[in-house]
Amino acid sequence: MKHAAAGSALAAILLFFSGLAAVAQDASEKEIERYRAMISDPLSNPGYLAVDRGEVLWAEKRGTKNVSLETCDLGLGAGKVEGAFAQMPRFFADGGKVMDLEQRLLWCMQNIQGLDTKDVVTRRFSGPGRASDLEDLVAFIANKSNGMKIAVQLKHPKEQEMAAVGEELFYRRGGVMDFSCATCHADEGKRIRLQGLPNLSKPGKQPQDTMASWPTYRVSQGALRTMQHRLWDCYRQQRWPVPEYASDSVTALTVFLNKQAMGGEINVPSIKR
Amino acid sequence: MTNVSKLAALQILIGVVTFSANASAQTAAKAPDPATVDAYLKSTFGKAPPEWQARIEPDETLKVCNAHRNEVPSAEADKIIKRELAKVAYPADGKLLGNWKEGQKVANNGRGGQFSDPEGTVAGGNCYACHQLELAEVSFGTLGPSLTKYGKDRKFDPDEAKNAYTKIYNSQAVVPCSNMPRFGANKVLTEQQIKDLVALLFDPESPVNK
């Protein structure tokens, strides 16, 4: 088996992180960084199991048309997977809108495969005993941009609109706590309880390191997660309503964050707490 | 007018039009118009229950904070303080200090207001998310200043205790566009919970002052 080491590595990670709460802050942040680097290899990162599953799903014939996704155009031409994720979200003329990878996959499932995506969307976030096709496909496709730099497209007016709206949403306060993304992500070296908060308000290393490391295998959840899930969870902490999966505000925020992260070198799936 | 000069005039006209169209396109990219932002919000949160949608409708104060990204000019700042101060309700009996032991629980509780919380969840103040309080609690955030020895440092002055009540009830009545939630004004915490928190800060027996 290709990923035989994954189980034991996982046990080690869990042990490491359960001791974390007591340790606290700066020193442990460095430890995490070192540890992350150590286990960012396919043999010990369980996220690569999702990559393998995604590769199978990509080639599987499904839907009323009984075809695979292999002719899906992710922006670089039909079926071209290498490097596509690095340039997403982007405008797709056939769909007439800017889409992130998850929106694009749903579009291709519907339009190329003739697949009713209701079940796929129900399983958008995996849980115990419930795999997520979308998480797996994102893992596979994003992994094919490893070593490449984030180069989100900002030429089309709709792409520019997305970036501008995303920035606006980043600073928009609301909910019973009056929070916005900026409440937690616009200052240097802050943390909430013991969790370090990246400053995503300025372009540069912090947004680069952040955006270039998603999708990620989240040890605390025992699952591979995508940016859709991360922002869903942040809106939860922000005390906002449930954001609709694969909807425009989430994509707009992703465009804005990738704009801040321009040039970051992708290495995914990563592994995080 | 000759045809040539007509043409020149037309070109100038077109030039002006093109120029201003460009300029407005650029400003649009900088700050999108509110209707566009609303359309995005609707596509993402439009299916939420009406009471949830009402929560993300910015009130007068948040509108100003959003427009200035919290860096409000002083004239606006004064208006915010006035408006928010009017929302603060003080205890009828004038007693501001509750029970610090209960205050400990409120300060530690980060639940409430999240879409994952079951209906009827009692909300906490989540003060430790942003503040250091008791030294014994090592899991604290740093978005706000440390509040250790808060009452002791202020010589347990009753006026200072009242200021703290005001601050917790409505942080923006003190600091316009503060990142701290308006716990009382937004009905996150009850009057009793806020009194218990004031006791956590101002009771000489409270571990915050040890």
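Remember, it's a predicted structure, so these values are computed and weren't measured experimentally.

## Some words on the overall build of chain B
Looking only at helices and strands, chain B features 10 helices and zero strands. The secondary structure elements of chain B, listed N-terminal to C-terminal, are α-α-α-α-α-α-α-α-α-α. Counting the 210 residues in chain B, one finds 40% classified as buried. Considering only residue pairs separated by 6 or more positions, chain B has 58% of its internal contacts joining residues 24 or more positions apart.

## Describing the interface of chain A and chain B
Listed as interface residues are 40 residues of chain A and, on the opposing side, 51 residues of chain B. Both sides of the chain A and chain B interface together cover about 4,400 Å² of buried area, and 56% of this is carbon and sulfur. Joining chain A to chain B, the criterion identifies three salt bridges. As a salt-bridge pair, A:Glu244 and B:Lys47 come within 2.9 Å of each other at their nearest N and O atoms.

## Some words on empty space enclosed by the protein
Residues and elements named next belong to chain A. The tally for this structure, following the rule as stated, stands at two cavities of 30 Å³ or more. Roughly 200 Å³ of volume is contained in the largest cavity. Among the secondary structure elements, those contributing two or more residues to the lining of the largest cavity are α5 (101-113) and α12 (248-260). Across the lining of the largest cavity, the residue classes tally to 12 nonpolar, three polar and two charged.

## Some details on the pattern of salt bridges
Enumeration over the complete set of coordinates arrives at 25 salt bridges over all chains. Ionic pairing is found between B:Glu84 and B:Arg182, a salt bridge with its closest N-O pair at 3.2 Å. Here the residue B:Glu84 occupies a position in helix α5 (residues 74-85), and B:Arg182 occupies one in the loop between α9 (158-169) and α10 (191-202), the gap between them amounting to 98 residues. For B:Glu84, a relative accessible area of 0% gives the class buried. A single salt-bridge network, built from bridges that share partners, covers A:Asp178, B:Asp59, B:Glu84, B:Lys87 and B:Arg182.

## Section: the domain arrangement of chain B
Residue and element names in this part refer to chain B. As far as domains go, chain B holds domain 1 (3-85) and domain 2 (100-209). When the two sides are added together, the surface that domain 1 and domain 2 hide from each other amounts to roughly 930 Å², 58% of it contributed by carbon and sulfur. Viewed at the interface, domain 2 and domain 1 are joined by two salt bridges. For Asp59, the salt bridge identified is with Arg182, shortest N-O distance 3.1 Å. Looking at the side of domain 1 that touches domain 2, the elements with two or more residues in it are α3 (50-55), α4 (60-67) and α5. The leading source of residues in the side of domain 1 that touches domain 2 is α5, at five residues.

## Thoughts on α10(B)
All names here are of chain B. Between the first and last C-alpha of α10 there are 16 Å, a value that for 12 residues agrees with the 16 Å anticipated at 1.5 Å per step. Of all 12 residues making up α10, 10 are buried, and the element is well covered by its neighbours. Three or more residues of α10 are buried, namely Gln193, Ile194, Lys195, Asp196, Leu197, Val198, Ala199, Leu200, Leu201 and Phe202. In this structure, the buried side of α10 is in contact with α6 (100-108), α7 (127-130), α8 (150-153) and α9.

## Examining the side chain of A:Gln113
Tracing the sequence through the fold places A:Gln113 in helix α5. Owing to a relative accessible area of 0%, A:Gln113 belongs among the buried residues under this scheme.

## Points about the state of the cysteines
Under the criterion given, the structure shown has two disulfides over all chains. Sulfur-sulfur distance for the disulfide between A:Cys72 and A:Cys108 comes to 2.1 Å. Judged by the torsion about the S-S bond (70°), the A:Cys72/A:Cys108 disulfide is right-handed. With A:Cys72 in the loop between α4 (47-59) and β1 (90-92) and A:Cys108 in helix α5, this pair connects stretches of sequence that are 36 residues apart. In this structure, A:Cys72 and A:Cys108 share a single accessibility class: buried. The disulfide bridge from B:Cys65 ends at B:Cys177, spanning 2.1 Å between sulfur atoms. Taking the torsion about the sulfur-sulfur bond, which here is approximately -90°, the covalent link between B:Cys65 and B:Cys177 counts as left-handed. With B:Cys65 in helix α4 and B:Cys177 in the loop between α9 and α10, this residue pair connects regions lying 112 residues apart in the sequence. Since its relative accessible area comes to 0%, B:Cys65 is described here as buried.

## Section: the environment of A:Leu154
On the secondary structure map, A:Leu154 appears in the loop between α7 (133-143) and α8 (157-170). What A:Leu154 contacts, discounting residues up to four positions off in sequence, is A:Glu159, A:Gln160, A:Ala163, A:Val255, A:Lys259 and A:Met262.

## Some points on the sheet that holds strand β5 (residues 216-218) of chain A
Residues and elements named next belong to chain A. What the three strands build is an open sheet, ordered β6-β5-β7; its pairing is mixed. Where the open sheet ends on each side, the last strands, each with one partner, are β6 (223-225) and β7 (270-272). Strand-to-strand twist across the sheet, computed as the mean angle between neighbouring axes with direction ignored, equals 35°.

## Observations regarding the confidence of the model for chain A
Averaged over chain A, the pLDDT score is 90; the fraction of residues at 70 or greater is 85%. In the model, residues 1-25 of chain A has pLDDT below 50 throughout and makes 35 contacts with residues more than four positions away in sequence or in other chains.

## Observations regarding α4(B)
Regarding α4(B), the residues found buried are B:Thr61, B:Leu62, B:Val64, B:Cys65 and B:Asn66. Each element contacted by the buried residues of α4(B) is listed here: α5 of chain B.

## Some thoughts on the packing of α5(A) against α7(A)
Residues and elements named next belong to chain A. Interhelical geometry of α5 versus α7 gives an angle of 110° and a closest axis separation of 10 Å. Between α5 and α7, the crossing angle belongs to the class labelled roughly perpendicular. Here α5 runs over α7; the crossing is right-handed. Residues Leu101, Glu102, Leu105, Leu106 and Met109 of α5 form the contact with α7, whose participating residues are Leu134, Leu137, Val138 and Ile141. The class makeup of the residues in the contact of α5 with α7 is eight nonpolar, no polar and one charged.

Criteria and thresholds
Residues numbered from 1 in each chain as written. Chains lettered and ligands numbered in written order. Predicted model: local features only at pLDDT ≥ 70, side-chain atom pairs only at ≥ 80, totals over all residues. Heavy atoms only, no water. Helix = DSSP H or I, 4+ residues; strand = E, 2+ residues; numbered from the N terminus. Buried < 20%, exposed > 50% of the residue type's maximum accessible area, 1.4 Å probe, protein only. Contact = heavy atoms within 4.5 Å. Buried area = accessible area lost by both parts, 1.4 Å probe. Salt bridge = Lys/Arg side-chain N within 4 Å of Asp/Glu carboxyl O. 1 Å grid on protein atoms, 1.4 Å probe; cavity = no way out; pocket = protein on both sides within 12 Å on 5 of 7 lines; lining within 4 Å. Points joined across faces, edges and corners; volume = space filled by probe spheres on them. Nonpolar A, V, L, I, M, F, W, Y, C, P; charged D, E, K, R; others polar. Domains from an automatic or database assignment. Expected span 1.5 Å × (residues − 1). Disulfide = S-S within 2.5 Å. Pairing = 2+ DSSP bridges. Axes fitted to C-alpha atoms, helices over the stretch in contact; angles between N-to-C directions. pLDDT = per-residue confidence, 0-100. Parallel < 35°, antiparallel > 145°, perpendicular 65-115°, else oblique. Left-handed = near helix turned anticlockwise from the far one by under 90°.

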